[in-house]
Amino acid sequence: MQLDSIDLRILDALQKDADQKVSDIAAKAGISTTPCWRRIQKLEEAGIIRRRVVLLDRVALNAGVTVFISIRTNRHTLEWLEKFKKAVKDIPEIVDIYRMSGEIDYLLKVYVSDIAGYDAVYKKLISRIDLSDVTSMFAMEELKATTEIPLALRRNR
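Residues numbered from 1 in each chain as written. Predicted model: local features only at pLDDT ≥ 70, side-chain atom pairs only at ≥ 80, totals over all residues. Heavy atoms only, no water.

1. Details of the side chain of Asp105
At step 1: Mapped onto the elements of the fold, Asp105 is located in the loop between strand E2 (94–99) and strand E3 (106–112).
At step 2: For the buried Asp105, no salt bridge is present, and the opposite-charge side chain at shortest range is Arg72, 5.4 Å distant.
At step 3: Not counting the four nearest positions on each side in its chain, Asp105 is found in contact with Ile71, Arg72, Thr73, His76, Tyr98, Arg99 and Met100. (Helix = DSSP H or I, 4+ residues; strand = E, 2+ residues; numbered from the N terminus. Buried < 20%, exposed > 50% of the residue type's maximum accessible area, 1.4 Å probe, protein only. Lys, Arg positive; Asp, Glu negative; His and termini not counted. Salt bridge = Lys/Arg side-chain N within 4 Å of Asp/Glu carboxyl O. Contact = heavy atoms within 4.5 Å.)

Given below as structure tokens:
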């Protein structure tokens, strides 16, 4: 799907607040309500808008501690990777997982309530799969966190 500047303004408005009225999004995009609604539907059908979510306050929900776990493994096979994916799939505290290049093989982002919560996640993880090196880093302060994709990059193409 080719995106034009109107689509990008719609996406920008939606990722700032997906709960706003279509008429407000249309005004920000510079078009009327009906064409805006149609464009949103097309963006959803094309998979550009994957889903709409609510962002929650982690501290209020007792998940205010962010832990980054770096994992190195000495096994680099598809079989091990599939086993790893299966091992982490249903651990809800693990919110992001990346396969990395460089010094570490995998980087996990975990939300827990405290050290004991982290320890429970760690024990669950090591009970499911063999890991050669695990390093945990506790975030002291969150300086920036966003879910917004920088659409300006798209405009410069």
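2. Observations regarding the nonpolar core
Most often, soluble globular proteins keep nonpolar side chains buried together rather than apart.
At step 1: Membership of the largest hydrophobic core comes to 18 residues, with the highest contact counts inside it found for Ile69, Ile71, Phe84, Ile94, Tyr106, Leu108 and Val110.
At step 2: Only strand E1 (65–72), helix H4 (78–89), E3 and helix H5 (115–128) provide two or more residues apiece to this core.
At step 3: It is H4 that provides the largest number of residues to this core, a total of five residues.
At step 4: What Ile94 contacts, discounting residues up to four positions off in sequence, is Val88, Leu108, Lys109, Val110 and Val121.
At step 5: Formed by 15 residues, the second largest nonpolar core is a distinct cluster that contains Ala13, Ile31, Leu43 and Ile49. (Core = buried A, V, L, I, M, F, W, Y, C linked by side-chain atoms within 4.5 Å.)

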